[in-house]
Amino acid sequence: MTRGSAPALVQETAYRYRIDPIGRMRVPGVVFASPGLLPEVGGDQALQQVADVATLPGIVDASYAMPDVHWGYGFPIGGVAATDIAEGGVVSPGGVGFDISCGVRLYAADLDAADLAPRKEAVLDGLSRSTPRGMGKGAVWELSGTDQLAKVLASGARYAVEQGHGVQRDLDRCEDLGAVDDADPAGLSERAVNRGLHQLGSLGSGNHFLEVQVVDAVRDRVAAEAFGLRAGQVCVMIHCGSRGLGHQICTDHVRTMEQAMAGFGITVPDRQLACVPVDSDPGRAYLRAMAAAANYARANRQLLGQAAREVFERLTGAGLNLVYDISHNLAKVETHVVAGQSRRLCVHRKGATRALPPGHADLPADLRDLPDVGQPVLIPGSMGTASYVLTGVPGGPAFASTCHGAGRTLSRHQAARSVRGQELRTQLERRGVAVRGASWRGLAEEMPEAYKDIDAVVEAAEGAGLARAVARLVPVGVVKG
DNA sequence: ATGTAC
């Protein structure tokens, strides 16, 4: 067995550690971290999960952990695992997460920080009113019924823009140009559909937010310019996912796979790693449902972004131009070279961000031919701290993936015990961050001290060769889910 | 993350 005491880490390079295969591990574990992050590195449980993932049928290369790794449901958050489809490789809902296609969208405003300053409170009030958030209630777009929801699930942000909720650039700069093709709205449970009907255009809660930020430092001028970013510029970052619909899809398919697994001769060290071959009926059914949730999440961010754009236009006259929109909870069928051979892989990224290298065919058209510019990678920090824009680099060691954020170190409970929401708001306001919360408890749970240092996480990602920093952004206002 | 437990 692989379970028991925490797996031993062997240092390979300054930013790379290995867990040697023991028991039923088919491949090693590989953890990208700096010595400074290492004492935390997600805790023993997260490392055990890295080892557990290495037992999955068809896994290739290694079970990878990004510098922001921490404990999650089955798979660690900050985990990347690729399986070889032709070799019986599996897909696991736990490798995607409950919030399917949770991700980040970043807009750059035609506005500098100094010009926002006199209108900042009014803009935050406007964004607070235009951004439904918190558990359950409210959405930007009240859908007419299941037929219209099916169009959202099939066409994602493309349908939203088609219906007038955005502009062409919003699609040009979105992962998969706004939608994935193989979604199957008809395959969703009634519960998933009902939960999806009334939440399109809503933040949710937890670590989800809409932030007004300012570009604090440009690290790579060429890439920043190509992405549409300059120092001192105002930006809007939106972090949210597929709400109750994605959650229900994950729940439904974990249950199905728990039953179906034995029929494929698969056993896993943790029930939460339930999985089936990609090339099977339940595997294909999950991927089609997951794709529907991915489209829902992009449409969700599209609608919230459009609402924010209207607030900015009304109160400042400035437009919002999409920099990029990228998921950090998704499985994708991709082609990668493994041991010198081109293979079709199912790449699970859970709390990990795709980071395509320069020249990749799936880059936005205006970035594709630039020699040193890869995919924009959006890394949200914790509330009140910096966020980053990175870019993909050639020869990334983990299937073109990198970190997704700061990563928790304190549980929600621990955080809520150590600070009151009102007090935290006062601290943030004193530091120049305007706060529009949804609940005091929710605010306290997201205190910056509950997270790793985002600067250290990004430094480790760069040091490990996963991505390169382009710009650092600091918050001036947060609308909290 | 989540109608914070079916």
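Residues numbered from 1 in each chain as written. Chains lettered and ligands numbered in written order. Predicted model: local features only at pLDDT ≥ 70, side-chain atom pairs only at ≥ 80, totals over all residues. Heavy atoms only, no water.

S.K.: Would you explain the UniProt feature "active site" (unreviewed entry) in chain A in this entry?
M.R.: The positions that UniProt labels "active site" (unreviewed entry) are, in the present scheme, His 404. Note that His 404 resides in the loop between strand 17 (401–402) and helix 10 (412–418). Setting aside anything within four residues of it in sequence, one finds His 404 in contact with Asp 68, Ile 77, His 328, Gly 351, Ala 352, Thr 353, Ile 379 and Pro 380. At 2.6 Å, the side chain of His 404 and the side chain of Asp 68 are in polar contact. (UniProt positions renumbered as here; feature names shortened; annotations may be inferred. Helix = DSSP H or I, 4+ residues; strand = E, 2+ residues; numbered from the N terminus. Contact = heavy atoms within 4.5 Å. Polar contact = N/O pair within 3.5 Å; in protein donor to acceptor, adjacent residues only side chain to side chain.)

S.K.: Sorry if this is basic, but what is going on with the sheet that holds strand 4 (residues 63–70) here?
M.R.: In any sheet, the strands associate via hydrogen bonds between backbone groups, in a parallel or an antiparallel arrangement. Taking strand neighbours across the sheet as the criterion, the seven strands line up as 1-2-3-4-5-13-12 in an open arrangement whose pairing is mixed. Strands at the two margins of the open sheet, each flanked by one partner only, are strand 1 (10–13) and strand 12 (329–338). Between one strand axis and the next, the sheet turns by 25° as a mean value, whatever way the strands run. As paired elements, strand 1 and strand 2 (residues 16–19) share three bridges and run antiparallel to each other. Bridging from a neighbouring strand, Val 10 pairs with Arg 18 of strand 2. (Pairing = 2+ DSSP bridges. Axes fitted to C-alpha atoms, helices over the stretch in contact; angles between N-to-C directions.)

S.K.: What is the right way to read the packing of aromatic side chains from this model?
M.R.: When we look at a pair of aromatic rings, we describe it by the centre distance and by the angle of the planes. Taken as a whole, this structure holds four aromatic pairs when the rule is applied. Look at Phe 32 and Tyr 64: their rings are 5.9 Å apart centre to centre, the planes differ by 10°, and that puts the pair in the stacked class. Pair noted here: Phe 32 is in strand 3 (residues 29–32) and Tyr 64 is in strand 4, with a separation of 32 residues, a long-range link. Each member of the pair, Phe 32 together with Tyr 64, is buried. Centroid distance Tyr 73 to Phe 98: 5.0 Å. Interplanar angle 75°. Geometry classified as edge-to-face. (Phe/Tyr/Trp six-rings, centres within 6.5 Å; stacked < 30°, edge-to-face > 60°. Buried < 20%, exposed > 50% of the residue type's maximum accessible area, 1.4 Å probe, protein only.)

S.K.: Just to check I follow, could you spell out the UniProt feature "binding site: Mn(2+) 1" (unreviewed entry) in chain A for this structure?
M.R.: Per the UniProt record, "binding site: Mn(2+) 1" (unreviewed entry) is annotated on Asp 99 and His 208. Separation in sequence by 110 residues is not matched in space for these annotated residues, since their most distant C-alpha atoms are only 11.0 Å apart. On the basis of relative accessibility, which here comes to 18%, the residue Asp 99 falls in the buried class. Excluding its chain neighbours within four sequence positions, the residues that come into contact with Asp 99 are His 208, Gly 241, Ser 242, Arg 243 and Asn 329. Summarising the element assignment, His 208 is placed in the loop between helix 6 (190–197) and strand 8 (209–218). Leave out the neighbours within four places in its chain, and His 208 touches Asp 99, Cys 102, Leu 203, His 239, Cys 240, Gly 241, Lys 480 and Gly 481. A polar side-chain atom of His 208 sits 3.2 Å from a polar atom in the side chain of Asp 99.

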